[in-house]
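Each chain, letter by letter, is given below.
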Amino acid sequence: MIETQNINFYYGDFQALKNISMKMDANTVTAFIGPSGCGKSTFLRLFNRMNDLIENTRLTGTCLLNKENIYHKSIQVDELRKKVGMVFQKPNPFPKSVFENVAYGLRVNNMGNKSYIAQRVEESLKAAALWDEVKDKLKKSAFELSGGQQQRLCIARALAVSPSVLLMDEPASALDPISTSKIEELIHLLKQKYTIVIVTHNMQQAARVSDKTGFFMLGELIEFNDTKKIFLNPEKEQTQNYITGRFG
Amino acid sequence: MRTKKSIFFKIITERIPEFLLGISGSLTSLIILLIIVFLFREGFGLFSNPSVEKGYVLCVHASNPVEKLNPDQIKQLFDSEITDWKTVDGDDLPVMLFRFDEIFSLYSDEELGENYSLLPQKLGEVIAENPNIIAFLPEQYVPRTAEWVKILPSEQIRVADFFTGKDWLPTATPSSLYGVLPLIAGTLLVSIFAILIALPLGLGAAVYLSELANERTRKILKPMTELLAGIPSVVYGFFGLAVLAPLIQKTLNLPTGETAFTGSVILAVMALPTIITIAEDAMRNTPRAMREASLALGGTQWQTIYKVVIPYASSGITAAAVLGTGRAIGETMAVLMVTGNAAVIPHSLFEPVRTIPAAIAAELGEAPAGGAHYQSLFLLGCILFVITMLVSVSAEIISKQKYKEAV
Ligand SMILES: Nc1ncnc2c1ncn2[C@@H]1O[C@H](COP(=O)(O)OP(=O)(O)OP(=O)(O)O)[C@@H](O)[C@H]1O
Ligand SMILES: [Mg+2]
């Protein structure tokens, strides 16, 4: 479960997030929608402290994961990132074999011996609905897979270290419709075990996969509610305009 | 009209540049090929030279059983290192050296006749009188008809002597020694040690600049390293001579500070900017997505550096190493100035050495064009070429294997 309280985030002088408080429950899919540049990615990247890598940024407010402040001094960032997996917009496998890609997180975290790693790789590839397609190509370079397969490989890679949260930043925007629907099915399956937060520009996708939806604009959280409510009967006019503009 | 114009336009913008690029490409290849052919042809011309200085011959008394002398024996005879004919399978007689000039102290100009016409005859007499003599004479004055004179046959310089010889004495008379081993040893010693210093330092600095330094530090340090690359090598050499050599001499208590080690240190400093700049560029070119993927999986910064960034940048890092090594092996001026320039096989790092490029630079001026010495320097150039080629080929192979392992 993720909870934020009065989050403000600045890139230098520019305020990218304004006073955002929201709660994302376990075993639900939360979608972030909103126009480009409104701060969805910035907000998402707070949860695994990916924004720490960017120089000259500033954060105020609290961000809790299972009631624990993830920006507290005592938190080890690499331990946190093990618990909070991330899938990026463009598939970004390492220039290594399929097997080594999935094993990477296990290796850097010293999780288990050879046979455990092999078992975990298989489990993760199965969980990402990729096993049948790559079980004969484990030693081949990940670059030989199709874009959609690469993205599912990245999901498998994230699942291998057994996170509890999965952050996905437009995971299907670079994919064809069939690969996209495979990813969406996968999200449905994964929901049972993980807390999922997904950023998407695709309204239908948000409507299909998510339980709750947050609508962002210019760094503010305009409306946050059940997905059904947001799409059928939004409270704010801006939400209405954005959704209908997109649907129409 | 319109299509005509567009075809014309296409010719201007596409065909002509294509043609020009093709020409410049093949021209460059051709020039490189010609240089290599020229280099090797000149170089291998060395082996058609006689081992005794051109225009001169060696004569002994006809009773002397010695039929043949190799360049090394000739050198030792004339350096008085061999003083008895027995050593070279002759009779048990002390060697008597006779250089052509000595004839003028034995006979006056009048006795030698007009235009020295009697000179060969007198030389013949001198040889006839001394059964233990060895005379080094110009071809034109050799007493060919004299009874007691035996002209030693002149051998050609041998390939094996060149590559296995331990003495580089190209200006020695009567017989020059072209043994390339001391130069190869000097070159390898200085360059290998330079690379051993420069590579870890350079890669460390590259990792620091690309991964660890903040933007401000980087903005100061990067241009500074690049500036370092622009300093002419004489300046480095001068610095080495004036500062480093005395320092090394004092701290290590050596007879001279101009040693292979001094050369290695200077070369390492000179190769550093190349290595740092290229390796740093390669590492920074690692896509941000790769780093983020690694970090997002719980990898630490160091794990990300050596498991993702360095493998990803491996071909650039190899290029950095090769270019750095190339600079170290080929560098002339600075090394010439600080290594003491002694063409002897070094037994330790702290002895003077002479490297191949330094030998070429230092000796080309005094070697008459087209002569054996001159050609030997070209052959040194060929050796340098082969060494550099081996370095880049093996680096290529190593990096390919590394990459395969990483996959
Ligand atoms: N590294 C950065 N440095 C400075 N400003 C940034 C940086 N990253 C993002 N921003 C700014 O912060 C704002 C929010 O960016 P963010 O990437 O979070 O938007 P987004 O909602 O994900 O947009 P998109 O839908 O196009 O991905 C934008 O105005 C952007 O210009
Ligand atoms: Mg975004």
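Undergrad: What is the right way to read empty space enclosed by the protein from this model?
TA: The rolling of a water-molecule-sized probe over the atoms marks out the regions of remaining empty space. Residue and element names in this part refer to chain B. Overall, the coordinates contain 4 cavities of 30 Å³ or more when judged by the stated rule. In this structure, the largest cavity occupies an estimated 80 Å³ of space. Surrounding the largest cavity, Ser51, Val52, Val57, Leu58, Leu69, Ile74, Leu152, Pro153, Ser154 and Glu155 form its lining. Classifying every residue of the lining of the largest cavity by side-chain character gives 7 nonpolar, 2 polar and 1 charged.

Undergrad: Quick question: what am I supposed to make of the packing of aromatic side chains here?
TA: One pair of aromatic rings is described through two measures. These are the centre distance and the angle between the planes. The tally for this structure, following the rule as stated, stands at 22 aromatic pairs over all chains. Measuring from ring centre to ring centre gives 5.2 Å for A:Phe9 and A:Tyr11, while their planes differ by 85°; the resulting arrangement is edge-to-face. Look at A:Tyr11 and you get partly exposed, because its relative accessible area is 29%. Ring centres 6.1 Å apart and planes at 70° place the aromatic pair B:Phe78 and B:Phe136 in the edge-to-face group.

Undergrad: I keep staring at the site of ligand 1 and nothing clicks. Help me out?
TA: Residues and elements named next belong to chain A. Taken together, 13 residues surround ligand 1, and among them Ser36, Lys40, Ser41, Thr42 and His201 come closest. Residue Gly37 places a main-chain N or O atom 2.8 Å away from an oxygen atom belonging to ligand 1. Interatomic distance of 3.3 Å between a backbone N/O atom of Cys38 and an oxygen atom of ligand 1. Of all elements in the fold, only strand 2 (14-24) and helix 1 (40-44) reach the threshold of two or more residues within the shell around ligand 1.

Undergrad: What is the right way to read the nonpolar core from this model?
TA: The tendency in soluble globular proteins is for nonpolar side chains to be buried side by side. Residues and elements named next belong to chain A. Counting 46 residues, the largest nonpolar core has Leu125, Leu153, Ile155, Met168, Ile187, Leu190 and Ile196 as the members making the most contacts within it. It is helix 6 (residues 147-160) that provides the largest number of residues to this core, a total of 6 residues. What Leu125 contacts, discounting residues up to four positions off in sequence, is Val102, Leu130, Trp131, Val134, Leu138, Leu153 and Ala156. With 29 residues, the next largest nonpolar core counts Leu17, Phe47, Cys63 and Val199 among its residues.

Undergrad: Before we go on, may I ask you to explain the interface of chain B and chain A in this structure?
TA: Taken residue by residue, the interface counts 22 residues in chain B and 26 residues in chain A. Between chain B and chain A, roughly 2000 Å² of surface is buried when both sides are summed, and carbon and sulfur atoms account for 62% of that area. Our count for the contact surface shared by chain B and chain A stands at 1 salt bridge. In this structure, A:Arg45 and B:Glu292 form a salt bridge, with 2.9 Å as the shortest nitrogen-oxygen distance. Where chain B meets chain A, there are 6 residue pairs in polar contact (both at pLDDT 80 or more). Elements with a contribution of two residues or more to the side of chain B that touches chain A: helix 10 (288-296), helix 11 (301-312) and helix 15 (372-406) of chain B. Residue contributions to the side of chain B that touches chain A peak at 8 residues, all from helix 10 of chain B. Partitioned by chemical class, the residues of the side of chain B that touches chain A number 11 nonpolar, 7 polar and 4 charged.

Undergrad: Explanation requested: the sheet that holds strand 2 (residues 96-99) of chain B in the structure shown.
TA: Residue and element names in this part refer to chain B. In spatial order, the strands read 2-3-1-4; together these 4 strands make up an open sheet with mixed pairing. Here the strands that pair on one side only, and so sit at the sheet edges, are strand 2 and strand 4 (149-151). Taking each pair of neighbouring strands and ignoring which way they run, the sheet shows an average axis angle of 25°. Where strand 2 lies against strand 3 (residues 133-138), 4 bridges are found, and the strand directions are parallel.

Undergrad: When you look at the packing of helix 6 (residues 181-212) of chain B against helix 11 of chain B in this model, what are you seeing that I'm missing?
TA: Packed helix pairs are specified by the crossing angle of their axes together with the interaxial distance, meaning the distance between the axes. Residues and elements named next belong to chain B. For the pair helix 6 and helix 11, the least separation of the axes is 12 Å and the interaxial angle reads 110°. The orientation of helix 6 relative to helix 11 falls into the category roughly perpendicular. Note on packing geometry: the crossing formed by helix 6 with helix 11 is right-handed. Contact residues: helix 6 offers Val207, Glu211 and Leu212, while helix 11 offers Gln301, Trp302, Ile305, Val309 and Ile310. Residue classes in the contact of helix 6 with helix 11 are distributed as 6 nonpolar, 1 polar and 1 charged.

Undergrad: What is the right way to look at the pattern of salt bridges in this model?
TA: Think of it this way: side chains of opposite charge can pair up when their charged atoms draw near. A complete count under the given rule lists 23 salt bridges over all chains for this structure. Residue A:Lys82 is joined to A:Glu79 by a salt bridge in which the shortest nitrogen-to-oxygen separation is 3.5 Å. A residue pair is termed a helical-turn pair when its members lie 3 or 4 positions apart in one helix, as A:Lys82 and A:Glu79 do in helix 2 (residues 77-83) at 3 residues. For A:Glu79, a relative accessible area of 35% translates into the label partly exposed. The shortest N-O distance in the salt bridge between B:Glu81 and B:Lys75 comes to 3.8 Å. Using a relative accessible area of 49% as the deciding quantity, one classes B:Glu81 as partly exposed.

Undergrad: Help me out: how do you make sense of the domain arrangement of chain B in this one?
TA: Many descriptions give the size of an interface as the accessible area lost when the pieces come together. Assigned domains within chain B: domain 1 (56-155) and domain 2 (181-406). One C-alpha centre belongs to domain 1 of chain B, the other to domain 2 of chain B; they are set 51 Å apart.

Undergrad: I would appreciate a short explanation of the packing of helix 4 (residues 114-127) of chain A against helix 6 of chain A in the present structure.
TA: Residue and element names in this part refer to chain A. As a packed pair, helix 4 and helix 6 sit with axes 8 Å apart at the nearest point and diverge in direction by 130°. Classified by the angle between their axes, helix 4 and helix 6 sit oblique to one another. Like other packed secondary-structure pairs, helix 4 and helix 6 cross with a definite hand, here right-handed. Packed against helix 4, whose contacting residues are Arg120, Ser124, Leu125 and Ala127, the element helix 6 presents Leu153, Ala156, Leu159 and Ala160 at the interface.

Undergrad: I would appreciate a short explanation of helix 12 (residues 314-330) of chain B in the present structure.
TA: Two residues of an α-helix separated by three or four positions point the same way, owing to the 3.6 residues in each turn. Compared with the 24 Å implied by 1.5 Å per residue over 17 residues, the 24 Å span of helix 12 of chain B between its first and last C-alpha is a close match. Within helix 12 of chain B, the full set of buried residues consists of B:Ser314, B:Gly316, B:Ile317, B:Thr318, B:Ala320, B:Ala321, B:Val322, B:Gly324, B:Thr325, B:Ala328 and B:Ile329.

Undergrad: I would appreciate a short explanation of the pairing of strand 2 of chain A in the present structure.
TA: Residues in a regular strand project their side chains so that they alternate between the two faces of the sheet. All names here are of chain A. Pairing geometry for strand 1 (residues 2-11) and strand 2, over 7 bridges, is antiparallel. Within strand 2, the position partnered with Ile2 by the bridge is Met24. Here strand 1 hands over to strand 2 after 2 residues, with Gly12 in that stretch at a positive phi of 60°.

Undergrad: Any chance you could explain the sheet that holds strand 4 (residues 57-65) of chain A here in plain terms?
TA: Sheet strands pair via backbone hydrogen bonds, and the direction of the pair is either parallel or antiparallel. Residues and elements named next belong to chain A. Within the open sheet, the 4 strands sit side by side as 2-1-4-5. Their pairing is antiparallel. Edge strands, defined here as strands with exactly one partner in the open sheet, are strand 2 and strand 5 (68-69). Pairing of strand 4 with strand 5, which is carried by 2 bridges, proceeds in the antiparallel orientation. Paired with Leu65 across the strands is Glu68, a residue of strand 5.

Definitions and limits used
- Residues numbered from 1 in each chain as written.
- Chains lettered and ligands numbered in written order.
- Predicted model: local features only at pLDDT ≥ 70, side-chain atom pairs only at ≥ 80, totals over all residues.
- Heavy atoms only, no water.
- 1 Å grid on protein atoms, 1.4 Å probe; cavity = no way out; pocket = protein on both sides within 12 Å on 5 of 7 lines; lining within 4 Å.
- Points joined across faces, edges and corners; volume = space filled by probe spheres on them.
- Nonpolar A, V, L, I, M, F, W, Y, C, P; charged D, E, K, R; others polar.
- Phe/Tyr/Trp six-rings, centres within 6.5 Å; stacked < 30°, edge-to-face > 60°.
- Buried < 20%, exposed > 50% of the residue type's maximum accessible area, 1.4 Å probe, protein only.
- Near = heavy atom within 4 Å.
- Polar contact = N/O pair within 3.5 Å; in protein donor to acceptor, adjacent residues only side chain to side chain.
- Helix = DSSP H or I, 4+ residues; strand = E, 2+ residues; numbered from the N terminus.
- Core = buried A, V, L, I, M, F, W, Y, C linked by side-chain atoms within 4.5 Å.
- Contact = heavy atoms within 4.5 Å.
- Buried area = accessible area lost by both parts, 1.4 Å probe.
- Salt bridge = Lys/Arg side-chain N within 4 Å of Asp/Glu carboxyl O.
- Pairing = 2+ DSSP bridges.
- Axes fitted to C-alpha atoms, helices over the stretch in contact; angles between N-to-C directions.
- Parallel < 35°, antiparallel > 145°, perpendicular 65-115°, else oblique.
- Left-handed = near helix turned anticlockwise from the far one by under 90°.
- Domains from an automatic or database assignment.
- Expected span 1.5 Å × (residues − 1).

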